[in-house]
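Residues per chain, in single letters:
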Amino acid sequence: MTVEAFAPAKINLTLHVTGRRADGYHLLDSLVVFADAGDRLICAPAEGLSLMVTGPRAGGVPTDGRNLVLQAAALFDGPGVAITLEKNLPAAAGIGGGSSDAAATLRALAALLRRPLPAAEAVLALGADVPVCLCPRPVRMRGVGEVISAAPEMPRMGLVLVNPGVEVPTPVVFGALAEKTNPPMPDLPGWNTAADLAGWLKVQRNDLESPARLHAPVIGDVLEALAATPGCLLARMSGSGATCFGIYGTQAAAQNAAQRLHGRWWVQACAPYSEAG
Ligand SMILES: C[C@](O)(CO)[C@H](O)COP(=O)(O)OP(=O)(O)OC[C@H]1O[C@@H](n2ccc(N)nc2=O)[C@H](O)[C@@H]1O
Ligand SMILES: Nc1ncnc2c1ncn2[C@@H]1O[C@H](COP(=O)(O)OP(=O)(O)OP(=O)(O)O)[C@@H](O)[C@H]1O
């Protein structure tokens, strides 16, 4: 039996940094959605544990124990499984590539080996973004990433992701954040249209945008380019960057914007993705 799993891109529509724990990790309040663009995993029974990384964004991705896929697989105590990871998302990009791969590995191996998912603490130890990636659907994420509650359904909309090809290390961005204690989000209201959602998001924030732009000023160019595309309702950075997203009223508008942006950067038109269950 072979098990396949989809590892969707994670998008932080908001990212409020509300405090800092004694161990240095930051407390967050974030509206997270997933995209129907992502990496793919194929897991097949084998003698030992192995990983092969393929796909257009495989370059530079570690294939040894540094890869979060192997770290996630190791939680199943030396499973016999050959894993192929098709890498479509840019790495170190603020869209949870490694975290989503790790979460997809956990889902796939639990199914393949007929075993329960590892304990919550072990999942969180893989990375703060791994718990949220375990059930890809719209959620509000708090704590350091482990406190997850359902968010209202997303309205119909189109999305465009743009990554300028500059890797932005997450610890560097958190380290450069000047004010660590900022207001959380208010209660989530629910949105009927993409314009409703964008209007609400405009008065929310990504607190990591300013520190990320210090490290990678090109983020400012990406935001400007996205905002200038026809029909763009909101342009913002995701996670710790450098990937930015644009929100559009329709898929067609997102496709059109992506076509205009193609050329110098990684550009992907997509739609919100929500896993049933
Ligand atoms: C910025 C986000 O992408 C928002 O979704 C995540 O919080 C980052 O999640 P991640 O990449 O899985 O993070 P980890 O691999 O656990 O941590 C990388 C580094 O980011 C910083 N970090 C991460 C998460 C968090 N809540 N506070 C932090 O300060 C820490 O310096 C940590 O050493
Ligand atoms: N499966 C993987 N795919 C990509 N990078 C990986 C993977 N496993 C480990 N890495 C390493 O993790 C680093 C961070 O990559 P990742 O794509 O997880 O980005 P990220 O910006 O931390 O995501 P986010 O902050 O949104 O969670 C990379 O530089 C890479 O060396």
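Given the structure is predicted, the values throughout are model-derived calculations rather than measurements.

1. Some words on the sheet that holds strand β8 (residues 158-163)
- On the basis of which strands lie adjacent, the open sheet formed by four strands has the order β9-β10-β8-β11 and antiparallel pairing. The open sheet has two edge strands, β9 (234-237) and β11 (266-270), and neither has a second partner. If you compare each strand with its neighbour and ignore which way they point, the axes differ by 20° on average.
- With five bridges connecting them, β8 and β11 associate as antiparallel partners.

2. Brief notes about the site of ligand 1
- Ligand 1 sits among 16 residues. The nearest are Lys-10, Asn-12, His-26, Ala-128 and Asp-129.
- Taking Ala-128, its main chain carries an N or O atom lying 2.8 Å from an oxygen atom of ligand 1.
- For ligand 1, whose free accessible area comes to 640 Å², the fraction covered by protein is 81%.
- At the level of secondary structure, the elements contributing two or more residues to the shell around ligand 1 comprise β1 (3-12), β3 (26-45) and α5 (170-175).
- With three residues, α5 is the single largest residue contributor to the shell around ligand 1.
- Residues belonging to the shell around ligand 1 are distributed by class as follows: eight nonpolar, six polar and two charged.
- If you count residues domain by domain, the shell around ligand 1 takes at least three from each of domain 1 (3-147) and domain 2 (152-273).

3. Some thoughts on the pairing of β1
- Burial analysis of β1 places nine of its 10 residues in the buried class, which makes it a mostly covered element.
- The pairing of β1 with β3 spans nine bridges and is classified as antiparallel. Across the sheet, the residue bridging to Glu-4 is Ile-42, located in β3.

Rules behind the numbers
Residues numbered from 1 in each chain as written. Chains lettered and ligands numbered in written order. Predicted model: local features only at pLDDT ≥ 70, side-chain atom pairs only at ≥ 80, totals over all residues. Heavy atoms only, no water. Pairing = 2+ DSSP bridges. Helix = DSSP H or I, 4+ residues; strand = E, 2+ residues; numbered from the N terminus. Axes fitted to C-alpha atoms, helices over the stretch in contact; angles between N-to-C directions. Near = heavy atom within 4 Å. Polar contact = N/O pair within 3.5 Å; in protein donor to acceptor, adjacent residues only side chain to side chain. Areas by Shrake-Rupley, 256 points an atom, 1.4 Å probe, with all protein chains shown as cover. Nonpolar A, V, L, I, M, F, W, Y, C, P; charged D, E, K, R; others polar. Domains from an automatic or database assignment. Buried < 20%, exposed > 50% of the residue type's maximum accessible area, 1.4 Å probe, protein only.

These figures come from the coordinates and say nothing about function on their own.
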